[in-house]
Amino acid sequence: MVDQHIYLKGLTLRNPVMTASGTFGFGEEFTDYLDLARIGGIIVKGTTLRHREGNPYPRMAETASGMLNAVGLQNKGVDYFENDIYPRIRHFDTNILVNVSGSTVEDYVETAEHIQSLANIPGIELNISCPNVKQGGMAFGTTTGGAAAVVKAVRAVYHKHLMVKLSPNVTDITEIARAAEAEGADSVSLINTLLGMAINAETRRPKLSTVTGGLSGPCVKPVALRMVWQTAKAVSIPVIGLGGIMTAEDAIEFLLAGAAAIQVGTANFIDPGVTAKIADGIVAYCERQGVKAVRDLTGALVIDTPAPACPPISDCSLG
Amino acid sequence: MQRPTSFQMDGRLTEKRRLNDRYVLLIFQLPIPLTQVQAGQFVQVKVDGSPHTLLRRPISICLLPKPDELWLLVQEVGEGTTTLCALEPGAIVNMLLPLGTGFTAPSLPSTCLLVGGGVGVAPMLMLGQKLAEAGHQVVFLLGGRTSTDLVMQEHFARYGKVYVTTEDGSLGEKGFVTQHSLLNEPHFDAVYTCGPKPMMKAVATFAAQHDITCQVSLENLMACGIGACLCCVEDTVDGHVCTCTEGPVFNTKRLKW
Ligand SMILES: Cc1cc2nc3c(=O)[nH]c(=O)nc-3n(C[C@H](O)[C@H](O)[C@H](O)COP(=O)(O)OP(=O)(O)OC[C@H]3O[C@@H](n4cnc5c(N)ncnc54)[C@H](O)[C@@H]3O)c2cc1C
Ligand SMILES: Cc1cc2nc3c(=O)[nH]c(=O)nc-3n(C[C@H](O)[C@H](O)[C@H](O)COP(=O)(O)O)c2cc1C
Ligand code: FES
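Computed from a prediction, not measured in an experiment: that's the story for all the values here. (Residues numbered from 1 in each chain as written. Chains lettered and ligands numbered in written order. Predicted model: local features only at pLDDT ≥ 70, side-chain atom pairs only at ≥ 80, totals over all residues. Heavy atoms only, no water.)

Residues and numbers for the side chain of B:Thr236, please.
All names here are of chain B. Within the secondary structure, Thr236 is located in strand E14 (residues 233-236). Only 3.0 Å separates the side chain of Thr236 from the backbone nitrogen of Asp238, close enough to count as a polar contact. Within the structure, the side chain of Thr236 is placed 2.7 Å from the backbone oxygen of Gly239, a separation counted as a polar contact. In this view, Thr236 contacts Val241, Arg254, Leu255 and Lys256; residues no more than four positions away in its chain are not counted. (Helix = DSSP H or I, 4+ residues; strand = E, 2+ residues; numbered from the N terminus. Polar contact = N/O pair within 3.5 Å; in protein donor to acceptor, adjacent residues only side chain to side chain. Contact = heavy atoms within 4.5 Å.)

Right under this line is the structure:
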């Protein structure tokens, strides 16, 4: 028997497979197709302090091996979550984490405080990819200062598991991860969507109402995997890996690169039962490879000849 | 709110009928019989063997002649639908169904006008069947660019009187459905429509002018089809709502058209 448990601070996952925020609704949308007791946890839709209508339609464009979305955090606010949704999902036999978003540090803090009072929510995932309206709309998660400020403020009031979800739209994601760790994050999850764009050549119009949007799906996997690998080396808190995971093999690659657990996003749209298949596939791999505990895969990547560090650009012979 | 049950299952293509250069009727045998399906509900079809088709494709339920026999009318518009239409009998297709909220039948015996344009005629067939079986008077008004666009006429004729228009005048009255003489003296209690958006908007305007209740089936772009991604929203009087769960059928009173 392979031990599938993953132990995060204040949070035990029955297996490393969770679902990514915004791609799994509140879990109830999937119960016709999946037994939620088969997965380690679900991260529900991005929740903000107040109701948000989100962006105008069209919000989605399919791309080669991926999709762009511009949902814009449509949600009915944390009170609605607490009063209407939580009572329906609180007894699900899996961990339920809430993805928290905000436009100001105060928004994040107030939303986190609300959710802390919900007994069956053992943690939150802080989505710091949101624009900070007080700082000219620059996303919190794109500067170490912005990330540190929001993590610090939330950590001061929130005492359960605090996962911080990182944006890949930065020069060096490891800096942001270290800033989150320094302010008390219990784990970091990455990656959120990559900023992208699509155009309808016939009409000469952008395909999304917001012109740009977030890219997800199998096309982002190599980028996500690289960032997880770099981040896992840079911090000592657990790293939760996601971005383009479609199969058990994809998930295992993230674990080997250093992830303690993984999340599945866009793949849920294509196969709503995919997460159970991924969990089974990880076990089968461990049995085949003689691995006793799934957590032993974390960081088990073998690099035979360490590549030399990339030299500074001035040293490169570009000829 | 109790969610209606839907299923993930593998349908087996048993028959394929090419109806014209762009429309194909696909007939599937389902492993699980469907007992509670509303006209206007749809299927999320997984398209294998099409490298650029990552997401499932929403296709309306055209008819369910038996609880385990599913008819889909598919128009080839891009890689996904073309790949589907190239399948041969015996092919296995994974689907999620039945999804969404379909058409609502009138509560009193009524004369119903069902307006379909292009491939939007698909859900009108099952709707016509359900309404006729419930004792309503069904009148179809179907439009296409040219005569060969008007497919499955004999099937529609089983459930009601069929009027047609073509843009080139090759069959029925020349022009758009909303120009048909049938609409000059409207005596309908309810109007149902599915087709290109400009057509549906014109039909909705006609219905509003004559104070007739009108339901439309929207074809917003979808990713999940099950209410999880919020990509498919329509702006309604109640704000952004998912067309894949609260729709695809809406009463026009709810829309901001
Ligand atoms: C609820 C619902 C029911 C539908 N029922 C049917 C049906 O019964 N039969 C049928 O043939 N089609 C139906 N459609 C439309 C069908 O889903 C699309 O034509 C299909 O997804 C296109 O996929 P593709 O890969 O062939 O084309 P793509 O390569 O994805 O697109 C080709 C072109 O078609 C356009 N397009 C794609 N999807 C849509 C859409 N949903 N609405 C308008 N334009 C679109 C694209 O913008 C592009 O220009 C339905 C759609 C919805 C939402
Ligand atoms: C439609 C959609 C909505 C999303 N909404 C959120 C959200 O509310 N909060 C968040 O942190 N991430 C959100 N994401 C990002 C995903 O959680 C995930 O980080 C990203 O899609 C990459 O994983 P994937 O390639 O497996 O989908 C969303 C993604 C999609 C496709
Ligand atoms: S298509 Fe995903 S919510 Fe409607």
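From this point on, the discussion continues.
A description of the site of ligand 2 should follow, citing residues and the corresponding values.
The local shell around ligand 2 holds 22 residues, among which A:Ser21, A:Lys165, A:Gly217, A:Gly244 and A:Thr266 are the closest. Each of chains A and B places residues next to ligand 2. Side-chain polar atom of A:Asn99 to an oxygen atom of ligand 2: 2.9 Å apart, as the coordinates give it. In the environment of ligand 2, an oxygen atom lies 3.1 Å from a nitrogen or oxygen atom belonging to the backbone of A:Gly265. (Near = heavy atom within 4 Å.)

Could you give an account of the nonpolar core, naming the residues involved and the relevant values?
One finds A:Phe81, A:Leu126, A:Val154, A:Val164, A:Ile262 and A:Ile282 to be the most contacted residues of the largest nonpolar core, which totals 114 residues. By residue number, the principal contributor to this core is helix H8 (residues 274-289) of chain A, which donates eight residues. With 55 residues, the next largest nonpolar core counts B:Met9, B:Val37, B:Met126 and B:Val164 among its residues. (Core = buried A, V, L, I, M, F, W, Y, C linked by side-chain atoms within 4.5 Å. Buried < 20%, exposed > 50% of the residue type's maximum accessible area, 1.4 Å probe, protein only.)

Any chance you could break down the environment of A:Gln116 for me, citing the residues and the numbers?
Residues and elements named next belong to chain A. Turning to its location among the elements, Gln116 is positioned in helix H2 (residues 105-116). Considered as a pair, Gln116 and Val157 are 41 residues apart in the sequence and their alpha carbons are 8.8 Å apart. Residues within four places of Gln116 in sequence aside, it is in contact with Val157, Tyr158, His159 and Lys160.

How would you sum up the site of ligand 1? Please name residues and give values.
Residue and element names in this part refer to chain B. The full set close to ligand 1 counts 21 residues, and Pro58, Leu73, Gln75, Gly80 and Thr81 are the nearest of them. In this structure, Leu73 approaches ligand 1 through a main-chain N or O atom, which is 2.8 Å from a nitrogen atom. Within the contact set of ligand 1, an oxygen atom lies 2.8 Å away from a backbone nitrogen or oxygen of Gly80. For ligand 1, whose unbound accessible area comes to 880 Å², protein coverage reaches 73%. In terms of residues, the shell around ligand 1 owes the most to one element, strand E4 (residues 57-60), which gives four residues. For the shell around ligand 1, the residue count by class is 12 nonpolar, six polar and three charged. (Areas by Shrake-Rupley, 256 points an atom, 1.4 Å probe, with all protein chains shown as cover. Nonpolar A, V, L, I, M, F, W, Y, C, P; charged D, E, K, R; others polar.)

Residue-level account of helix H2 (residues 122-133) of chain B, with values.
For an α-helix, 3.6 residues make a turn, and residues three or four places apart therefore share a direction. All names here are of chain B. Most of H2 sits inside the fold, with nine of its 12 residues counted as buried. Residues Ala122, Pro123, Met124, Leu125, Met126, Leu127, Gly128, Gln129 and Leu131 constitute the buried set of H2. In the segment just after H2, Gly135 is the residue with positive phi, at about 95 degrees.

Let's hear about the interface of chain B and chain A: which residues, and what values?
Between chain B and chain A, the contact holds 30 residues from the first and 33 residues from the second. Between chain B and chain A lies a buried interface of about 2700 Å² when both sides are counted; carbon and sulfur atoms form 57% of it. When residues of chain B are sorted by the area they lose upon contact with chain A, B:Leu54, B:Leu230 and B:His240 head the list and together hold 25% of the total. If you look at where chain B meets chain A, you find 12 residue pairs in polar contact (both at pLDDT 80 or more). Listing elements by their share of the side of chain B that touches chain A, those giving two or more residues are strand E1 (7-18), strand E7 (92-99) and strand E15 (239-242) of chain B. Among the residues forming the side of chain B that touches chain A, the class breakdown is 17 nonpolar, nine polar and four charged. (Buried area = accessible area lost by both parts, 1.4 Å probe.)

I'd love a proper account of the sheet that holds strand E16 (residues 249-251) of chain B, names of residues and values included.
Residues and elements named next belong to chain B. Spatial strand order, E11-E10-E9-E8-E12-E13-E16: seven strands in an open sheet with mixed pairing. Taken across any chain shown, the strands that pair with only one partner, and hence form the sheet edges, are strand E11 (173-174) and E16. Here H2 sits on the sheet and contacts strand E8 (111-117), strand E9 (137-144) and strand E12 (190-194); the angle it forms with E8, its principal contact strand, is near 170 degrees. This element, helix H4 (residues 197-209), spans E8, E12 and strand E13 (213-217) of the sheet and lies at about 170 degrees to E12. (Pairing = 2+ DSSP bridges. Axes fitted to C-alpha atoms, helices over the stretch in contact; angles between N-to-C directions.)

I'd love a proper account of the domain arrangement of chain B, names of residues and values included.
The parts lose accessible area when they come together, and the size of an interface is often stated as this lost area. Residues and elements named next belong to chain B. Examined at the domain level, chain B breaks down into domain 1 (7-99) and domain 2 (111-217). Put simply, the middle of domain 1 and the middle of domain 2, counted by C-alpha atoms, are 23 Å apart. Between domain 1 and domain 2, the residue contacts involve 19 residues of the former and 17 residues of the latter. Regarding the contact of domain 1 and domain 2, the summed buried area is about 1500 Å², with carbon and sulfur atoms giving 67% of it. The interface formed by domain 1 and domain 2 holds one salt bridge in total. The closest approach of N and O atoms between Arg22 and Asp149, which form a salt bridge, is 2.9 Å. Across the contact surface, domain 1 and domain 2 share five residue pairs in polar contact (both at pLDDT 80 or more). Per element, the largest residue contribution to the side of domain 1 that touches domain 2 is four residues, and it comes from strand E6 (residues 69-75). When its residues are assigned to classes, the side of domain 1 that touches domain 2 shows 12 nonpolar, five polar and two charged. (Domains from an automatic or database assignment. Salt bridge = Lys/Arg side-chain N within 4 Å of Asp/Glu carboxyl O.)

So, the packing of aromatic side chains: which residues are in play, and what are the values?
Geometry of an aromatic ring pair is reported as the spacing of the ring centres plus the angle between the planes. What the rule picks out here adds up to six aromatic pairs over all chains. When the centroid spacing of 5.2 Å and the interplanar angle of 85 degrees are considered together, the rings of A:Tyr108 and A:Phe140 count as edge-to-face. Here the residue A:Tyr108 occupies a position in helix H2, and A:Phe140 occupies one in the loop between strand E8 (123-127) and helix H3 (144-157), the gap between them amounting to 32 residues. Like A:Phe140, A:Tyr108 is buried. Judged by centre distance (5.7 Å) and plane angle (80 degrees), the rings of B:Phe103 and B:Tyr192 are edge-to-face. (Phe/Tyr/Trp six-rings, centres within 6.5 Å; stacked < 30°, edge-to-face > 60°.)

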